[in-house]
Amino acid sequence: MVLNSSGPSGLRALLDALAASSTRADHVVVLDSSSDDEATTVVESARSDTFDIAHERIDSGMPDRAAVSQWVGSADLADTDLVWVLPVGSIPEPDTLTRLLEAHRRSASVGLVGPKHVDASAPGTLRSVGITTTRTGRVLEDPPLGAPDQGQYDLRRDVVAVPFSGLLATVGVLRALGGWERAFGDLGGDLDLGWRAQLAGHRVVVAPDARMRSVAAMGLATATTGGRRRAARRVALARTPWWKAPFLALWILVSSLGAGVGLLLLKRPRAAKEAFGDLGSLDPVRGVASRMRTRGGREVRHRDIDSLFVPGSVVVRRTLDRAQEAILGPSVLPDEGGPDTDDASIVSRAALNPGILAFLATVVVVAAAGREIGGGLISRLGSGVTGGELITTRATSSSLWHAAFDGWHGPGLGGDGPANLSLALLAIPTWVVEHLPGTGDLTSPAGAVVGALLVLTLPAAAVSAYISARVLTHSRLARGAAALVWATTGAAGASVAQGRLGALAALVLLPAVFAGIVLLARPTGTATGAFATALGAALLGAFAPPLLALVVLVCLAVAVFGGDGRARMRALAPALISPLLLGPSLLEAIDNWALVATGPGLSQWGPTTPEPLALALLHPGGAGSTPWWVGAVVVAGGLAGLLASRHGRSVPTAASFVMILSLAGVLGAPHLDLTSRDGATAGAQAIGPVTPWVGTFMLPLTLALIASAVVGVGALRGRRRVTATAALGLAGLVTAGALAWFSFDAALRTWSDPRPAVAVEQAVNDLSNRTVFVTPGPSGAAYRIVGRETGALARSLPQNLAHDAVIADDVSQLLDGTGEDAGTRLAEQAIGFIAVADTAGDEVTRRLDSTQSLSRLASRGGFDFWRIAAVGNDPDVAVGPSRLTRVTGDGTALVETTGEHGATEASVTAESGDTLAVAEPAAWAEHASVEVDGREVTAATDGGRPTYPLPAGTHELSITVPTEYPWWRGLQALMIFVVAFLAIPFGTRDSRRKR
């Protein structure tokens, strides 16, 4: 039986193949649904005395399977006759019919026989060898499409079903089964027919030695579309025992959801969509209707045909293999171009790798340039470093986290100023350091992290630049030279020498972020790269907001002027997503533009008069700056690279754009006073103007110059390229040698806590009291309050200290002896110790010694210390002032403090009329939540500090300082997680481009 629904050419080829068959068909019937009259001519020309052909017209819209079912049901055929179905598009080989007949005659129980299908255009590749499926209707691609035909499937015999094309069937079997079920489509109909034939006691076999050359969907045995996947699932639901159908439906529901979620986690959205689409098979109407139409005729138990189905363990193994390939990429053998695994070869290559040499050279430069920093390397890593822009305290991961997110945060009496996301990011490595073996005695875990950053940033920057430069050139020598230049020139040395924390992060992140922009602007860019760039830009923005603004401008320029439409869309990802990842900090930046112009350690405090020419030559000034002529070497190389790169102008043009913006930032930074806006603090006015540090924009300017030089080297050929590469390497040696020679200077030194041990202990224990450091000056005394809380680790903008000013009169009266109860009022603010600089004079010392509530301690670090007694004469009074106090009718009692700014979880036993006094400013109550036995208590104000009534009895007290914008913070965390997941580069780059 020949089915023709196309033109005459395919019909002619099929009839010719039938005429050439080694076994002639007794009768050929052409069921023609085409509208072309030429098919009649083809049939007439093929008819002969030995080749009997009949031509029958059928409705043009009738599916092939329905046409066969109808013809078989109405034709004058015996039940023992055999029908061979040949749709146009499949060409049998001369011995195909012979092999099919042999397979059918081997057993009287055989009802359906199918051939092996190979690709018509490449007969050496397989299309199908029967239909393989699981009990749950999951059709497997076995063999895989395009697999070579090497006889590996020639032992396959019994199968669940065979494709429609090439089917050899007994007429009686087709009539008994009622033909194909139209509700299941093509693949589903074939699977259903074979499944029902097996249950009716008729074997379904495949004859691998009978070959059919098929095109398009002919010989289909794979669920290539979602509709075919769902149809196969419906067949399984219709043919499983009725009492198992609900459990099978539940399994399909669970497995489809699980597979969809798993594929999403493997970043296969198209495959996940197909998996979720299987839920559409849970349509009870079609399954029940089909079961009713085909009920009866079962001769074999369901479990008797279990061996025909693929076991679930095979599916699990294949799924795990595909998951591994999706994550790691396909395995590559050494003889297929993979890396050489010879140990000696690896060691020798590593010893000569320019990237490793640049890293080692940078390590040597850091060791040589840091010779004047006070203290040894071990003490710096153990205690931290102070000086320059660094503010070192006894900071832990917990204190950093609370300082970043609590609604009331910061050192001293605290405040509700803008959050500092860089502290939250630094809390992560600080937590790791705290849990390393042997780090339990660290004075300041966060200080140790900052000290490690000072030592490791420049070597890490060299590695980052070397890897990132691969997007510009494959020359390892040029990349190694560029990495050494990047880590040792411009603002790099000054960033370390002056403790500019934001610049340290930018030195590592900036090359990677700009490399990501270059990649996503190319036609080969991927969505994974776009999200990775967005995540890197957000990290950069947390430490250096001005550079995030520059990255956004560059991405917008790519989105507007980029040539490829998809590249433009990818460029929008960092431009839009990166600022959103900063969460509420974005609102704070809108409210205060100065936050966008600076970052931790990225401000210049006090007046400066830099020379514009020196700035243009990458000389930021201050400790760690190399002479102007060192930067001139890099500038000359970058400009020469722009002139040399005549072809491939995209990167040089982008570099020029970055140079112009960065140079404008460098020259304009000294003239932008960040304290000129409304609300500037009095302290800011006292120190003079605060401007953005010129080195911030000097970093992208340097990077753009180096990128231009690298691209220029790649544009040259022959000896000129060799000479240019050598010149770039010489520039790296010059910049590295200059930084090592001129050193970091002595702006930094090893930090040690200025407080005595008893003050440190009382600051971190249940008392949680504070120490005031007073430094008298010609215009009055300046003071700072030190407690258990942590603030910024590097200077940025002047902080509003209005809340700390509540003790100003008490400190002044204590120093000049005019306030008899000044010590008591300080104790009520949890001030447990007062330290006065030894330059204050003997008269101040004598006054403090004679003050009743003060007791002298040993001097330390240029300060004289006094302990302030706790308020009250009760025998049970605490040993010192405390952050939380239970005030009774005749005294005070300690309430345990366990967290930052009065946060605690404690049991309190109170009498009638007792109150809880919190040594925090009155505004603290607006941000804190105080609960007694789960019920929130309203604050009153007593002497400038919040107080809360306590009911009589023993109660559970809970004080928390919630984060501001909790819903936004939660959404921010979710966005970061999603973007980080999307940025993970699963599989190979080619596979990521095909998703």
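Predicted model only: the values in this text are computed from it and were never measured.

What is the right way to look at the overall build of the protein chain in this model?
Along its length, the protein chain carries 36 helices and 30 strands. Computed over its C-alpha atoms, the radius of gyration of the protein chain comes to 40 Å, more than 25% above the 30 Å expected for a compact globule of 995 residues. In terms of overall dimensions, the protein chain has C-alpha extents of about 135 × 85 × 50 Å along its principal axes. The burial tally for the protein chain puts 51% of its 995 residues in the buried class. Across the protein chain, contacts joining residues at least 24 apart in sequence account for 76% of those joining residues at least 6 apart. When the accessible surface of the protein chain is totalled, it reaches about 44100 Å², and 60% of it is carbon and sulfur. The protein chain carries 82 positive and 88 negative side-chain charges, and their two centres are separated by 10 Å.

Is there a simple way to explain the sheet that holds strand β27 (residues 935-936) in this structure?
Within a beta sheet, neighbouring strands are joined by backbone hydrogen bonds and run either parallel or antiparallel to one another. What the four strands build is an open sheet, ordered β24-β30-β26-β27; its pairing is antiparallel. Only two strands of the sheet have a single partner each, and these edge strands are β24 (904-910) and β27. Relative to β27, strand β26 (residues 929-932) runs antiparallel, the two sharing two bridges. Note that in β27 the partner of valine 932 across the bridge is arginine 935.

Looking at this structure, how should I read the nonpolar core?
Side chains of nonpolar character tend, in soluble globular proteins, to be buried together. Residues Trp486, Phe514, Phe744 and Leu793 are the most contacted members of the largest nonpolar core, which totals 102 residues. Excluding its chain neighbours within four sequence positions, the residues that come into contact with tryptophan 486 are Ala461, Ala465, Ala492, Ala506, Leu507, Leu510, Pro511, Leu699, Thr702, Leu703 and Ile706. With 35 residues, the next largest nonpolar core counts Ala54, Ala66, Val68 and Trp180 among its residues.

Any chance you could explain the packing of helix α18 (residues 476-488) against helix α30 (residues 718-742) here in plain terms?
Angle between the axes and distance between the axes: these two values describe a pair of packed helices. Contact geometry of α18 with α30 gives a least axis separation of 8 Å together with a crossing angle of 25°. Between α18 and α30, the interaxial angle falls into the category roughly parallel. Crossing of α18 over α30 shows left-handed handedness. Contact residues: α18 offers Leu477, Ala478, Ala481, Ala482, Leu484, Val485, Ala487 and Thr488, while α30 offers Thr725, Leu728, Gly729, Ala731, Gly732, Leu733, Thr735, Ala736 and Leu739. Classifying every residue of the contact of α18 with α30 gives 12 nonpolar, five polar and no charged.

What am I meant to see in the environment of arginine 203 here?
Along the chain, the position of arginine 203 falls in strand β12 (residues 203-214). Since its relative accessible area comes to 28%, arginine 203 is described here as partly exposed. Those residues in contact with arginine 203 that sit more than four places away from it in its chain are Ser107, Ser109, Val110, Gly111, Leu112, Asp158 and Gln198.

Looking at this model, I keep getting lost on the pairing of strand β7 (residues 110-119). Mind explaining?
The side chains of a regular strand alternate, first on one face of the sheet and then on the other. In terms of residue burial, β7 counts as a mostly covered element, since nine of its 10 residues are buried. Relative to β12, β7 is paired through nine bridges, and the arrangement is parallel. Note that in β12 the partner of glycine 114 across the bridge is valine 206. Here β7 runs beside strand β11 (residues 168-170); their pairing, made up of two bridges, is antiparallel. In the sheet register, leucine 112 faces β11, and the bridge partner there is alanine 169. Sheet topology note: the β7/strand β8 (residues 126-128) ladder contains two bridges and is antiparallel.

What exactly am I supposed to notice about the packing of helix α26 (residues 628-644) against helix α29 (residues 694-715) here?
Packing of α26 against α29 brings their axes to within 7 Å, and their N-to-C directions diverge by 45°. Of the possible angle classes, the one that applies to α26 and α29 is oblique. Note that α26 runs across α29; the crossing there is left-handed. Across the interface between the two elements, Val634, Val635, Gly637, Gly638, Leu639, Gly641, Leu642 and Ala644 from α26 touch Leu705, Ile706, Ser708, Ala709, Gly712 and Ala715 from α29. A class-by-class count of the residues in the contact of α26 with α29 yields nine nonpolar, five polar and no charged.

Any chance you could explain the pairing of strand β25 (residues 915-918) here in plain terms?
Inspection of the sheet shows strand β22 (residues 884-887) paired to β25 by four bridges, in the antiparallel sense. Its bridge partner being in β25, leucine 884 is matched across the sheet by valine 918. Taken together, the three bridges between β25 and strand β29 (residues 945-949) define a ladder with antiparallel strand orientation. Within β29, the residue paired with alanine 917 across the bridge is threonine 947.

What's the story with the pattern of salt bridges in this structure? I'm lost.
Opposite charge on two side chains allows them to pair when their charged atoms are near. In this structure the tally under the stated criterion is 35 salt bridges. Across the salt bridge formed by arginine 213 and glutamate 93, the nearest N and O atoms sit 3.3 Å from each other. You can see arginine 213 sitting in strand β12 and its partner glutamate 93 sitting in the loop between β6 (90-92) and α4 (96-105), a full 120 residues away along the chain. A salt bridge links aspartate 821 to arginine 825, with the shortest nitrogen-to-oxygen separation between them at 2.4 Å. Aspartate 821 gets classed as partly exposed once you look at its relative accessible area, which sits at 39%. Each of Glu93, Lys116, Asp149, Asp154, Arg211 and Arg213 takes part in a single network of salt bridges with overlapping partners.

Explain the sheet that holds strand β20 (residues 854-856) to me, please; I cannot follow it from the model alone.
Overall, mixed pairing links the five strands, which are arranged β18-β17-β19-β21-β20 in an open sheet. At either margin of the open sheet sits one strand with a lone partner, and together these are β18 (780-786) and β20. Strand-to-strand twist across the sheet, computed as the mean angle between neighbouring axes with direction ignored, equals 25°. Note that β20 and strand β21 (residues 863-868) share three bridges and pair antiparallel. Its bridge partner lying in β21, arginine 856 is registered against tryptophan 866. Against the sheet, helix α31 (residues 757-764) contacts β17 (770-777), β19 (831-837) and β21, and its axis sits at roughly 145° relative to β19. Against the sheet, helix α32 (residues 808-816) makes contact with β17, β18, β19 and β20, and its axis sits at roughly 65° relative to β17, the strand it touches most.

Quick question: what am I supposed to make of the side chain of serine 33 here?
Locating serine 33 in the fold gives a position in the loop between β2 (28-32) and α2 (38-46). By relative accessible area, serine 33 is classed as buried at 8%. Sequence-distant contacts of serine 33, that is, excluding residues within four places in its chain, are made with Asn4, Ser5, Ile58, Asp59 and Ser60.

Even after reading the chapter, I still don't get a nonpolar patch on the surface, so can you show me in this structure?
Taken together, the side chains of Ile356, Leu357, Phe359, Leu360, Val363, Val463 and Ile467 define a hydrophobic patch exposed on the protein surface, amounting to about 550 Å² of accessible area. At the level of elements, α13 (354-369) and α17 (445-468) are the ones that each hand at least two residues to the nonpolar patch. Looking at the nonpolar patch element by element, the count peaks at five residues for α13.

Thresholds, definitions, all that
Note on numbering: residues in each chain are counted from 1, in written sequence order. Where local features are concerned, this predicted model is filtered to residues with pLDDT of at least 70; where side-chain atom pairs are given and counted, the filter is 80 or more; whole-chain, interface and lining totals use all residues. Computation of side-chain values covers all heavy atoms of the structure but excludes hydrogens and water. Each helix is a run of DSSP H or I of at least 4 residues and each strand a run of E of at least 2, with the numbering of both proceeding from the N terminus. Radius of gyration: over C-alpha atoms. The globule rule applied is 2.2 Å multiplied by the number of residues raised to the 0.38 power. Note on classification: 1.4 Å probe, protein chains only; a residue is buried when its accessible area is under 20% of the maximum for its type, exposed when over 50%, partly exposed between these limits. Note on definitions: a residue-residue contact is assigned when non-hydrogen atoms from the two residues lie within 4.5 Å. Here the open area of atoms and residues is found with the Shrake-Rupley method and a 1.4 Å probe, where only the protein chains shown may cover a residue. Charged residues are defined narrowly, with Lys and Arg counted positive, Asp and Glu counted negative, and His plus the chain ends left uncounted. For the purpose of locating charges, the reference atoms are NZ of Lys, CZ of Arg, CG of Asp and CD of Glu. Pairing between strands is defined by DSSP: at least two bridges between them are needed. What we call a nonpolar core is a set of buried Ala, Val, Leu, Ile, Met, Phe, Trp, Tyr and Cys residues that are connected through their side-chain atoms within 4.5 Å. Axis lines are fitted to C-alpha atoms, over the contacting stretch for helices. Their N-to-C directions set the angle, which ranges from 0 to 180 degrees. Here roughly perpendicular refers to angles of 65 to 115 degrees, roughly parallel to angles under 35, roughly antiparallel to angles over 145, and oblique to all remaining angles. Left-handed describes a crossing whose near helix is turned anticlockwise from the far helix by less than a right angle; the clockwise case is right-handed. Charged means Asp, Glu, Lys or Arg here, nonpolar means Ala, Val, Leu, Ile, Met, Phe, Trp, Tyr, Cys or Pro, and polar covers whatever is left, Gly included. The salt bridge definition used is simple: a Lys or Arg side-chain nitrogen within 4 Å of an Asp or Glu carboxyl oxygen. Within the patch definition used here, like charges are joined within 9 Å and nonpolar side chains (Val, Leu, Ile, Met, Phe, Trp, Tyr) within 5 Å, considering only residues with over 30% relative accessible area and no salt bridge.

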